[in-house]
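# Fold and geometry: a report
Each chain, letter by letter, is given below.
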Amino acid sequence: MSEAIELARHIKLVLFDVDGVLTDGSLFLGDGGEQYKAFNSKDGHGMRMLADSGVKVGILTGRTSEVVAHRMRDLGIDLVVQGRRDKLNALDGLLQQAGVGAEHTAYVGDDVVDLPVMRRVRLAIAVADAHPLVQQHAHWVTALPGGRGAAREVCEFIMQAQGNLERMLAPYLS
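Quick summary incoming for the structure in this document. (Residues numbered from 1 in each chain as written. Predicted model: local features only at pLDDT ≥ 70, side-chain atom pairs only at ≥ 80, totals over all residues. Heavy atoms only, no water.)

## Describing the packing of aromatic side chains
This model, assessed by the stated rule, comprises one aromatic pair. Ring plane angle 10° and centroid distance 4.1 Å describe the contact between Trp140 and Phe157, whose orientation is recorded as stacked. Taken together, the residues span a long stretch of sequence, with Trp140 in strand β8 (residues 140-141) and Phe157 in helix α7 (residues 150-161) at a distance of 17 residues. As far as the burial class goes, Trp140 and Phe157 line up, both buried. (Phe/Tyr/Trp six-rings, centres within 6.5 Å; stacked < 30°, edge-to-face > 60°. Helix = DSSP H or I, 4+ residues; strand = E, 2+ residues; numbered from the N terminus. Buried < 20%, exposed > 50% of the residue type's maximum accessible area, 1.4 Å probe, protein only.)

## As for the nonpolar core
One finds Val14, Phe16, Met47 and Ile158 to be the most contacted residues of the largest nonpolar core, which totals 57 residues. For this core, the element with the highest residue contribution is α7, accounting for eight residues. If sequence neighbours within four positions are ignored, Met47 has contacts with Phe16, Leu22, Val57, Ile59, Met72, Leu75, Ile77 and Cys155. (Core = buried A, V, L, I, M, F, W, Y, C linked by side-chain atoms within 4.5 Å. Contact = heavy atoms within 4.5 Å.)

## Here's the deal with the sheet that holds strand β1 (residues 13-16)
The strand order across the open sheet built from six strands is β5-β4-β1-β6-β7-β8, with neighbouring strands paired in parallel fashion. Single-partner strands in this sheet number two, and they are β5 (79-81) and β8. In terms of strand pairing, strand β7 (residues 123-126) meets β8 through two bridges, oriented parallel. Bridging across to β8, Ile125 finds its partner in Trp140. Lying over the sheet, helix α2 (residues 41-52) contacts β1 and β4 (56-60), oriented at roughly 135° with respect to β4. (Pairing = 2+ DSSP bridges. Axes fitted to C-alpha atoms, helices over the stretch in contact; angles between N-to-C directions.)

See the structure below:
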């Protein structure tokens, strides 16, 4: 845990996978092919607080969904790459767009397709219900599962490591 805290102190960008991280991994499909996803509102607020604390937030996901685009617009997140199964190649473009190197980046994943990115960034994080191989390669594993507060936990972990959590929570306590 102390290694993960030390790594988190240097993070300037946090990238999240979507299915299995920001959602519980369920895919709801309508008869007409419409796609529905359930996002945790606490995760979203954590992502906003993290961004407000000075850490950039982005999405790197293998699937393409207008629901994800809409949710990220709602959260004010413009670092969004969807539909890239080869996430490692997509990472370089995201890092360039953010103006941040991999040595200052964290990635939160849940499945084996996330491993190449997790192995490249400074801080690899797995959600509690991630594939065992993903957990094995993570510097830190959340206590909460994907779609059920794991992203909020990540955001607060990084803000705490950087000494910003109290400042970000203070407006709600006054």
